[in-house]
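What follows is each chain in one-letter form.
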Amino acid sequence: MQEEASTYLEALRGQSRSVNTERTYASRLALYLTWCDERGLDWTDPGFENLLRFRDWLVSTPLPPRGAKPPVRPRFRKDSSADAVLVTMTEFLRFGVGRNWVPARVADSLSQPRHLRFLPADFETGEGGRFRQVQTRTLRFKTGEPGIECFTPEQVQLMIRLARNARDRFMVVLMRATGMRIGETLGMRREDIHLLADSRVLGCHVRGPHVHVHRRRDNVNGALAKSHRSRVIPVTDEVADHYREYQWERDGVREAAESDMVFVNLYRAPLGRPMSYPNAKQVFDRLGKWAEIVARPHMLCHTAATEWVAEGVPLDVVQALLGQVSPSSLKPYLHTSDKRKREAVERVAAGAR
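All of these numbers come straight from a predicted model, not from anything done at the bench.

Q: I'm lost on the pairing of strand S4 (residues 210-213) in this one. Help?
A: Across a regular strand the side chains alternate sides, sitting on one face of the sheet and then on the other. The alternating pattern of S4 places His210 and His212 on one face and Val211 and Val213 on the opposite face, and all of these are buried. Inspection of the sheet shows strand S3 (residues 193-194) paired to S4 by two bridges, in the antiparallel sense. Bridging across to S4, His194 finds its partner in His210. Strand direction decides the pairing type here: S4 and strand S5 (residues 231-234), joined by four bridges, are antiparallel. Bridge assignment links Val213 to a residue of S5, and that residue is Arg231.

Q: For this particular structure, what's the right way to read the pattern of salt bridges?
A: Two side chains carrying opposite charge are able to pair once their charged atoms lie near each other. All chains considered together, the criterion is met by 16 salt bridges. For Arg53, the salt bridge identified is with Glu49, shortest N-O distance 4.0 Å. Remark: Glu49 and Arg53 occur in helix H3 (residues 48-60); sequence separation between them is four residues, near one turn of the helix. With relative accessibility at 45%, the residue Arg53 sits in the partly exposed group. In this structure Glu49 comes out as exposed when scored by relative accessible area, which is 54%. Residue Arg254 is joined to Glu255 by a salt bridge in which the shortest nitrogen-to-oxygen separation is 3.7 Å. For Arg254, a relative accessible area of 63% puts it in the exposed group. One network of salt bridges, in which partners are shared, links Arg167, Asp168 and Arg286.

Quick notes on the rules
- Residues numbered from 1 in each chain as written.
- Predicted model: local features only at pLDDT ≥ 70, side-chain atom pairs only at ≥ 80, totals over all residues.
- Heavy atoms only, no water.
- Buried < 20%, exposed > 50% of the residue type's maximum accessible area, 1.4 Å probe, protein only.
- Helix = DSSP H or I, 4+ residues; strand = E, 2+ residues; numbered from the N terminus.
- Pairing = 2+ DSSP bridges.
- Salt bridge = Lys/Arg side-chain N within 4 Å of Asp/Glu carboxyl O.

Set out below in structure tokens:
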């Protein structure tokens, strides 16, 4: 089964999925395959009742402790996380049908027809309404709109203060100011950073300090930008100041001069090697521990996007800054706080007096 899982993950790589996505899918597959193996079940044809047991197991089995000290209360997998595992399992088994590993009836049992009652105005139903019939998963959890994890401004400033070196401070400041994802950040090269008021001497006609975001598949650290489209993001003086501090720190490490990647190892061997995803996660784990908060890289992207929307930045501009292809991708950021709802009601009430 290891060979089949590797083949599936290689197919994902061929679809230009990011390293993070591949790693996440691998861990989900491991859950399913290990569960079957421990119970002596054939993962290619475990039977629908056993798949139901696997679904229930995902949310009823306590998660392993995060540290050496066991938690006071056991942690359980959220419905949304468990549903993501079921999505991967279902895709894997359907993939297996095409490779003759999995009987077609197994994949057939994982979906059922559903008739769409309400359609968008421009939706083409097809001859006889045939496009109203879609296939939905039979194994799933009902999950609400996923919440967006954000930092408060005070938490961001606390992480910047707690960071022990200029590189980590620059990473936090850059991601917070630009909304860049961690794959985009780790994939940056020094040629992508233009901090002059006029960059024409660099062959770039974009005015003002800015950074370029490119999707490159040859990054030695495996970092990959999510969007296929290159984009430009303006940056502030704060970003420029922190970058200069980081450059001064980096210049003191001779091995770093050989790399054109922006973020490199400066404090542990091998010196000068581009930072990897695990390296960046360790940075945020440390900052979160010191600040006594949950700290994950993607939260900086969410923080930037949420605050842009809250400040009234036009949605097409937010979409361009984030490199989102579809406007619907902004939906999670359009939530309204209780404070803003109360202000709206009170403003209308005041005007009616």
